[in-house]
Amino acid sequence: MRCRHCRASLPVIPGARAIQCAQCNGVTRVRRPGNGRLVPPSGGGYFPGPRSKKRAVLIGITYAGMRRGGGQLRGPINDVKCMRYMLCERFGFPNDAVVMLTDEERDPRKLATKENIRRAMDWLVQGCSYGDSLVFHFSGLGVQVEDEDGDEVDGYDEAICPMDSFQQGPILDDEINEAIVRPLVHGAKLHAVVDAEHSSTVLDLPFLCRISRKGSNWQWEDHRPPTGAYKGTSGGQAILFSGCSDGEKRPTLLFDAPTVGAMTHSFIKAVECEPRATYGRLLTTMRAVMREGGVNCNLQGAIGSPIRRVANFSGVQEPQLSCSQMLDIFRTPFVL
C-alpha cells in the first residue's frame, strides 16, 4: 500500500494494524475487513521464572541504525536499568520476575521486537489474580495514527514503536489496552510509565488527570470513547504516568555522556523524594523536576550514579496521569 504522508510504496505484513514508513517515519492505518482484533502470541513459558505477585516488563529501544534520517536515542537502555534497580531494590520485585527487552540484547527472546513485546505483555497479565502488582515501562519512540473506529476523543490513536516498527508496524493503543488493561481482575493493579512522544493516552484509559491551563490545580477529564466502547479493566486498576507537550519544543535526542530520559528521570526522582507519596504528590514533584529544565542527572543508587545527563527525547513538558477510574490523587497512596 501507499504511505499516506509521502506516497512511498510500503510492504504490509499480514495481520498488521498499521505500518510505519522508513522514508518519512509517518504511520499509515491498514484497513482490513472485520474488527481487526488480533490474538496475541502466548508468553507462557517464553519468559522463564516463577509467577511472582510482583512482575514487570521494561522496554528500552535506541533504534541505532534503524531510522533513515533519525538519530539514535541515548537514554532508553539506561531508563530500563534504572527502573529495574528501583523496582527490585526499593519495592521488592524479584529479579527473575522483571523482563527487560532492548535492541542491544544478544538473546533473540530479549530483543524489543513487536512479537516479543506482545509476548511480554501477555506474560505480564497471564493468570493475574487478587494482590498482583504489575509494572509496564516503555522508553523509546511513539507515534500517532488517525483513528478509524471513533473511539478516540482527539481523533488519533497513539502507538509505541518496537525496534522492527518499519517492518512490522507500531503497536497501537487499542492492542495495548486489549493486552494489559482488559485482563486485570479485581484486586490486581497495573502501573505503566511511558517515556515516548505521543504517549499521553497510550493505554486508552477512560480518565485523564492533568494540570489545569492556569497551572493551579490538577483536574480530571473524561476520555471515554464517544462510541461507548469499554476501555476499562475486568475489575482491577490500571494507572499510566505519561507526559504531554505543546508540540513546539523539539525533543533532545543526543548526548555523549551516559543519559536517562526526562520522563523516566522525573518519575524515579519523584519516588526518591516522596517516600510516602500519594499520586498527587508524585505528579507535583515530577512537574517540578521537569520545569527545572536542567540536563544534569542526580539519581541515587548504584545504577543511577554513573548517569550524568537527562535527554528529553520524548519532548515531554508536563506529566499527567490516566486511570481506569477516577481517584482522589492527594489521598490515594502510591503503592507498588
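Since the structure is predicted, the reported quantities are computational estimates derived from the model, not experimental observations.

**Considerations on the overall build of the protein**
- Summing up its helical and strand segments, the protein has 7 helices and 15 strands in all.
- Scored against the burial criterion, the 336 residues of the protein give a buried share of 56%.
- Taking contacts inside the protein between residues at least 6 apart in sequence as the whole, the part at least 24 apart equals 75%.
- A total of about 14,600 Å² of accessible surface is found on the protein, and carbon and sulfur atoms cover 48% of it.

**Concerning the sheet that holds strand β7 (residues 156-160)**
- Read from one edge of the open sheet, 3 strands run β6-β7-β8, paired in antiparallel fashion. The sheet is open, and its two borders are formed by β6 (142-146) and β8 (171-172), each paired with just one other strand.
- The sheet contact formed by β6 and β7 spans 5 bridges and is antiparallel. Within β7, the residue paired with Gln144 across the bridge is Glu158.

**Here's the deal with helix α1 (residues 76-91)**
- With 16 residues, α1 extends 21 Å from end C-alpha to end C-alpha; this agrees with the ideal 22 Å at 1.5 Å per step.
- Restricting attention to buried positions, one finds in α1 the residues Pro76, Ile77, Asn78, Asp79, Val80, Cys82, Met83, Met86, Leu87, Cys88 and Phe91.
- Within two residues after α1, Gly92 carries a phi angle of roughly 75 degrees, on the positive side.

**So, the side chain of Thr278**
- Relative to the helices and strands, Thr278 is located in the loop between α5 (262-273) and α6 (279-291).
- On the basis of relative accessible area, Thr278 is assigned to the buried category, the value being 14%.

**Structural notes on the nonpolar core**
- Ile59, Leu124, Phe136, Phe138, Ile180, Leu190 and Leu203 are the most contacted members of the largest nonpolar core, which totals 48 residues.
- With 6 residues, helix α2 (residues 114-125) is the largest single contributor of residues to this core.
- When sequence neighbours within four positions are dropped, the list of residues in contact with Ile59 reads Val80, Leu101, Ala112, Ile117, Phe136, His137, Phe138 and Ser139.
- Formed by 43 residues, the second largest nonpolar core is a distinct cluster that contains Phe91, Val135, Cys297 and Leu299.

**A closer look at the environment of Val99**
- Position of Val99 relative to the elements: it lies in strand β4 (residues 98-102).
- With 11 residues separating them in the primary sequence, Val99 and Lys110 have C-alpha atoms 8.1 Å apart.
- Aside from chain neighbours lying at most four places away, what touches Val99 is Phe47, Ala56, Val57, Leu58 and Trp123.

**So, the sheet that holds strand β5 (residues 133-139)**
- On the basis of which strands lie adjacent, the open sheet formed by 8 strands has the order β4-β3-β5-β9-β12-β15-β10-β11 and mixed pairing. With one partner strand each, in any of the chains shown, β4 and β11 (218-222) form the two edges of the open sheet. Strand after strand, the sheet turns through a mean of 15 degrees between neighbouring axes, direction not considered.
- Where strand β10 (residues 207-211) and strand β15 (residues 318-323) come together, 3 bridges link them in antiparallel fashion. Bridge pairing in β15 links Phe207 to Cys323.
- Together, β5, β9 (189-195) and β12 (237-244) form the strand contacts of α5, whose direction differs from that of β9 by roughly 135 degrees.
- Against the sheet, α6 contacts β9, β10, β11, β12 and β15, and its axis sits at roughly 155 degrees relative to β15.

**Some remarks on the pattern of salt bridges**
- This model, assessed by the stated rule, comprises 14 salt bridges.
- Asp204 is the partner of Lys231 in a salt bridge, and the nearest nitrogen-oxygen pair spans 3.1 Å. One end of the pair, Lys231, is in the loop between β11 and β12; the other, Asp204, is in the loop between β9 and β10, with 27 residues separating them in the sequence.
- A relative accessible area of 7% means that Lys231 is categorised as buried.
- In this structure, Glu272 engages Lys269 in a salt bridge whose closest nitrogen and oxygen atoms are separated by 3.6 Å. Separated by 3 residues within a single helix, Glu272 and Lys269 lie in helix α5, roughly one turn from each other.
- Classification of Glu272 as partly exposed rests on a relative accessible area of 21%.

Procedures and definitions
Residues numbered from 1 in each chain as written. Predicted model: local features only at pLDDT ≥ 70, side-chain atom pairs only at ≥ 80, totals over all residues. Heavy atoms only, no water. Helix = DSSP H or I, 4+ residues; strand = E, 2+ residues; numbered from the N terminus. Buried < 20%, exposed > 50% of the residue type's maximum accessible area, 1.4 Å probe, protein only. Contact = heavy atoms within 4.5 Å. Areas by Shrake-Rupley, 256 points an atom, 1.4 Å probe, with all protein chains shown as cover. Pairing = 2+ DSSP bridges. Expected span 1.5 Å × (residues − 1). Core = buried A, V, L, I, M, F, W, Y, C linked by side-chain atoms within 4.5 Å. Axes fitted to C-alpha atoms, helices over the stretch in contact; angles between N-to-C directions. Salt bridge = Lys/Arg side-chain N within 4 Å of Asp/Glu carboxyl O.

These figures capture arrangement, not role.
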